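Residues per chain, in single letters:
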Amino acid sequence: MKKLTTAWLQQLPLQELQTVTPVSGGDINEAYQLTTKSGARYFLKVQPGRGKAFFDHEVEGLNLIGQVATVPTVIASGEIETDGYLILQWIETGNGNQFELGKMVANVHQQQEQRFGLDHDFRLGRFPKVNQWQSNWATFFIQQRLQPLAQLAQQKGRWNQTRSAALTLIMQQLQAYAATHVIKPSLLHGDLWAGNALFNHQHQPLLIDPDVYYGDREFDLGITTVFGGFTAAFYSGYQSVYPCRPGVEARLPWYRFYYVLMHVVLFGESYGTYLDQISSNLLNEGRQ
C-alpha cells in the first residue's frame, strides 16, 4: 500500500486534516477514512501512478446515476504526484428495505439513450472497455464485451472447450433475441453486485462504484444474481416500477457468464468451477 506522506496529504483540498486510516476499498483502489479537526469524515480512494483520468469515469457515473438515485457525494477528484485520487462524503452504513432498492435501480434503468455505449472508452482498468456507440445491443455486447474478455481468458490459459461452446451459444441466442425484440439502451450501473448497493444509517439505499454505460437493463439484473445479497423484495420492487419482459430468467445466464468470466480473468481459476457450472447449464438448456 502506498504510504501517504504529510506532503502528499497537504495537497488534498481539505482543511485541517487530522487522521488518515486505511479501510477496505475493493480490489483495485487503495482506500482511507479521513477525518478533520471539525469532525467531518471523508472516503479517499487513491490509484498510485494512474493520474486524475482514472477516476473521471467513476465521477461521471456517480453524476449520471445521482440524477435519479442516491449516491455518495463527490467532494473532489484530482492528481497528486501522478497518483489519482477521489474524495467522497463518508457513508455511515446501516440496513434498509430491499424493495426500495429495487425501485431505485428501476429508476436508473428508465434513464435511456438512443444507442448502446458511452461517449468515451474506459481503458485504465484491468479489463479495458471500449464503449463505442452501437445501434444494436448484440453487436455491442458481443464485440465490445464478450469477445475481448474471452480473448484475455485464452491469453491467460483460463479457457476450455465448455466455456468456448457456451460463448458460441450465448452469441447465437443473443443475436436471435436482439433481431426479434426491441432492447432499449438503459443507463446501467455496470457492476451491480451486492457490495455496490448499500443502505445508509437513515435506511436509504445507495449505489456506489459504478461502471456506467447504456445497455440492456437485464445485464445489471444478471449481475445481481451472481453472488447473492439481493432478496425477492428487491426484484418485486424493481418489477413494480419497470417490469421485465417475460422469459427474463432464461436470458440472465448470458450476463452471469460474462461477469464470472471477468472474475476468472482478473482473479484466477478459483472462480472457474462456477463459470463451468454456468456454462454447462447453458449448454444443457440449449439442447432441450
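Here the structure is a predicted model, which means the values were calculated and not measured. (Residues numbered from 1 in each chain as written. Predicted model: local features only at pLDDT ≥ 70, side-chain atom pairs only at ≥ 80, totals over all residues. Heavy atoms only, no water.)

**Let's talk about the packing of helix 3 (residues 98-109) against helix 7 (residues 232-241)**
Helix-helix packing is characterised by the crossing angle of the two axes and by the distance between the axes. At a closest axis distance of 6 Å, the pairing of helix 3 and helix 7 adopts a crossing angle of 40°. Classed by the angle they form, the pair helix 3 and helix 7 counts as oblique. Relative to helix 7, the crossing made by helix 3 is right-handed. When helix 3 is examined against helix 7, the residues Gln98, Phe99, Leu101, Gly102, Lys103, Val105, Ala106, Asn107 and His109 are found in contact with a partner set consisting of Ala233, Phe234, Ser236, Gly237, Tyr238, Ser240 and Val241. (Axes fitted to C-alpha atoms, helices over the stretch in contact; angles between N-to-C directions. Helix = DSSP H or I, 4+ residues; strand = E, 2+ residues; numbered from the N terminus. Parallel < 35°, antiparallel > 145°, perpendicular 65-115°, else oblique. Left-handed = near helix turned anticlockwise from the far one by under 90°. Contact = heavy atoms within 4.5 Å.)

**Considerations on the environment of Arg50**
Inspection of the secondary structure assignment puts Arg50 in the loop between strand 3 (41-47) and helix 2 (53-65). Placed 138 residues apart in sequence, Arg50 and Leu188 show a C-alpha to C-alpha distance of 25 Å.

**Some words on the pattern of salt bridges**
Applying the stated criterion across every chain yields a total of 10 salt bridges. A salt bridge links Lys52 to Asp56, with the nearest nitrogen and oxygen atoms 2.8 Å apart. Asp211 is paired through a salt bridge with Lys129; the nearest N and O atoms lie 2.4 Å apart. Of this pair, Asp211 sits in the loop between strand 8 (205-207) and strand 9 (213-215) while Lys129 is found in the loop between helix 3 and helix 4 (137-155), placing the two residues 82 residues apart along the sequence. With respect to burial, Asp211 and Lys129 carry one shared label: buried. (Salt bridge = Lys/Arg side-chain N within 4 Å of Asp/Glu carboxyl O. Buried < 20%, exposed > 50% of the residue type's maximum accessible area, 1.4 Å probe, protein only.)

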